[in-house]
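# Structure assessment
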Amino acid sequence: MKYVSTRGAAPVLDFDDVLLAGLARDGGLYLPQSWPVFSAAEIRAMRGLSYAELAARVMRPFVEGCLSDAELTRLCAESYGAFSHPAVAPLKQLGHNQWVMELFHGPTLAFKDYALQLVGRLFDHVLKKKGQKVTIVGATSGDTGSAAIEACRDRAAVDIVILHPFGRVSEVQRRQMTTVLSANVRNVAVDGTFDDCQDLVKALFNDAAFRDEMNLSAVNSINWARVMAQIVYYFAAGVALGAPDVPMSFSVPTGNFGNVFAGYAARLMGLPVDRLVVGSNTNDILTRFFEGGIMKTDGVVPTLSPSMDIQVSSNFERLMFLSLGGDGAAVAKLMDDFRKNGAMVMPQGAWNAMREVFEAYCFDDEATLAAMRSLKRSTGETLDPHSVIGVAAALKAHAAKDCAMVALATAHPAKFPDAVEKATGVRPGLPPHMADLFSRTERLDRLGNDAEALKGYVRTFAGRTSA
Ligand SMILES: *Cc1c(COP(=O)(O)O)cnc(C)c1O
């Protein structure tokens, strides 16, 4: 499979180079040159496969030419073998034709594990083949850092340094990162805010000499391999509910648009997806877009669902490219308008095409708490403040009521105990395999908000084996 950039001006690459590159050289995002489509018979033949087997079946066309079937099958078995639920992504029924898919049974209790567990192994595998090593540097305000650390720990070809703002992440989130004591993992607590952490990471990547010296890399949400791995659970839910013979819709709590875009990709690949419902918190740029056709930034407001507190949904560019008929120059022009003016107007045809599939709803913190309470009352289920926005959006959706609706639960309630307790009166406990989190040994280094000091730190850490 070959990959093209959404801005049409970067070299066409193979899967392994797309994996390592992340962002395309023209500033665009990579997408497959053509979409593999499964026939009805092929989808029917997915029934009864384990999650890991299904993952290999769905992703095989995307990695063809770079990974053998045996290698892909082994990496999928390793990635999903350690999840804490035997179904990996279990479905629960909430009501008539209403389902929730729990995507929080990975090592860090958020859906990001479903992609990153595989992506960490893919990095290691491809780098070893090429005889290379990378240093991954990233900043986190909570969830992404721990999922990236769990994905990269103990991998020979990867060192990882994750920055978090000192004293500004929750204790569960901090401990999920700092109790990983692997030799190739470092946590840095920065005296500053999350934005300071992001600026430090940018400063390192913008220093070309340092970037090359350390072979810096990132595993952020625009990486195609993360989207690819997320397509799998849409097929898992679809096949369990009767695809290809019956259609279904999905409702997705959305931030960077990576998760819901994977649902759109599953639809392109032959899964009978009727509608995709986008749920947001007070940061409602996507709701306003799907209502009015204009994407316009506003300031970011902190909410109870911090992983959806976004200003710009980076993966939306992939939907734009497809809706504009693969016109990279048109995407580049719109993205340029957006960068300059903080707004862009979608051409009518593209917007209409999007609205045939997508609808969007937003909920403020009060509505989020009310939805958690109401769900608990009617079904006994407790969901975290991100996941419940998916359920609430599903209930509002215009999707056909005679068609199954699956809301994606993106985090375990124990990751956000304060909000859950506020809504339901019950403080959720950590699952058994993490019950000792608060007694595990932590390791972290504290640094000032200083790019030169950070460069020295990374150099010493990444150079340790060759010294
Ligand atoms: C990252 C995250 C999201 C948003 O997912 P996107 O792919 O960025 O849209 C939603 N919920 C939780 C819990 C997350 O960690």
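In what follows, the accompanying structure is described. For clarity, every value in this text was computed on a predicted model and none was experimentally measured.

On to the side chain of Thr178, then. Tracing the sequence through the fold places Thr178 in helix H7 (residues 171-178). When residues no more than four places from it in sequence are discounted, the contact partners of Thr178 are His164, Asn187, Thr441, Glu442, Arg443 and Leu444.

With that settled, consider the nonpolar core. Among the nonpolar cores identified, the biggest contains 116 residues, and Trp224, Phe235, Phe250 and Phe316 are the most heavily contacted of them. Top contributing element to this core by residue count: helix H10 (residues 224-240), with 13 residues. The contacts of Phe235, once residues within four sequence positions are left out, are Phe38, Ile43, Met46, Leu54, Val58, Ala266, Met269 and Leu271.

Another aspect to go through is helix H14 (residues 328-341). The end-to-end C-alpha distance of H14, which contains 14 residues, comes to 20 Å, matching closely the 20 Å that a straight helix rising 1.5 Å per residue would cover. Within the span of H14, buried status applies to Gly328, Val331, Leu334, Met335 and Phe338. The buried residues of H14 occupy an angular sector of 125° when the element is viewed end-on, so they sit on one face. Of the residues in H14, the exposed ones pointing more than 90 degrees away from the buried face are Ala329, Lys333, Lys340 and Asn341. Tucked inside the fold, the buried residues of H14 contact helix H12 (285-292), strand E12 (294-296), helix H13 (316-323) and strand E13 (343-345). With a side-chain oxygen lying 3.3 Å from the backbone nitrogen of Ala329, the N-terminal cap of H14 falls on Asp327. Gly342 sits one or two residues past H14 and shows a positive phi near 70°.

Around the ligand there are 15 residues in total, and Lys112, Gly255, Asn256, Asn259 and Thr410 lie nearest to it. Asn256 is positioned with one of its backbone polar atoms (N or O) 2.7 Å from an oxygen atom of the ligand. Its free accessible area being 390 Å², the ligand has 96% of it covered by the protein chains.

As a further point, take the sheet that holds strand E7 (residues 158-165). Two orientations exist for strands paired in a sheet by backbone hydrogen bonds: parallel and antiparallel. With parallel pairing, five strands are arranged side by side in an open sheet as E9-E6-E7-E8-E16. In this open sheet, the two edge strands, each paired with only one partner strand, are strand E9 (216-217) and strand E16 (445-447). Where strand E6 (residues 134-139) and E9 come together, two bridges link them in parallel fashion. Across the sheet, residue Ile136 finds its bridge partner in E9, namely Ser217. Running at roughly 165° to E7, helix H6 (residues 143-152) makes contact with E6, E7 and strand E8 (185-190) of the sheet. Packing of H7 onto the sheet brings it into contact with E7 and E8, and relative to E7 it is tilted by some 160°.

Between Ala243 and Pro244 the backbone carries a cis peptide bond, its omega angle lying at 10°. With respect to the helices, strands and loops of the structure, Pro244 is situated in the loop between H10 and strand E10 (248-253). Even without being a glycine, Asn97 presents a positive backbone phi close to 60°. Mapped onto the elements of the fold, Asn97 is located in the loop between strand E4 (91-95) and strand E5 (98-102). For Asn97, a relative accessible area of 19% gives the class buried. The phi dihedral of Asp154 is positive, around 65°, even though this residue is not glycine. Turning to its location among the elements, Asp154 is positioned in the loop between H6 and E7.

Before going further, it helps to spend a moment on the pairing of strand E11 (residues 273-280). The element E11 is largely enclosed, with a buried count of seven among its eight residues. In this sheet, E11 lies alongside E10 in parallel orientation, the contact comprising five bridges. For Met248, the partnering residue across the bridge sits in E11 and is Val273. Following the backbone out of E10, through helix H11 (residues 258-268) and into the adjacent parallel E11, one traces a crossover that is right-handed.

Calculation criteria
- Residues numbered from 1 in each chain as written.
- Predicted model: local features only at pLDDT ≥ 70, side-chain atom pairs only at ≥ 80, totals over all residues.
- Heavy atoms only, no water.
- Helix = DSSP H or I, 4+ residues; strand = E, 2+ residues; numbered from the N terminus.
- Contact = heavy atoms within 4.5 Å.
- Core = buried A, V, L, I, M, F, W, Y, C linked by side-chain atoms within 4.5 Å.
- Buried < 20%, exposed > 50% of the residue type's maximum accessible area, 1.4 Å probe, protein only.
- Expected span 1.5 Å × (residues − 1).
- Arc of directions from axis to C-beta.
- Polar contact = N/O pair within 3.5 Å; in protein donor to acceptor, adjacent residues only side chain to side chain.
- Near = heavy atom within 4 Å.
- Areas by Shrake-Rupley, 256 points an atom, 1.4 Å probe, with all protein chains shown as cover.
- Pairing = 2+ DSSP bridges.
- Axes fitted to C-alpha atoms, helices over the stretch in contact; angles between N-to-C directions.
- Right-handed = clockwise from strand over helix to strand, strands pointing away.

Treat this as a map of the structure, not an account of what it does.
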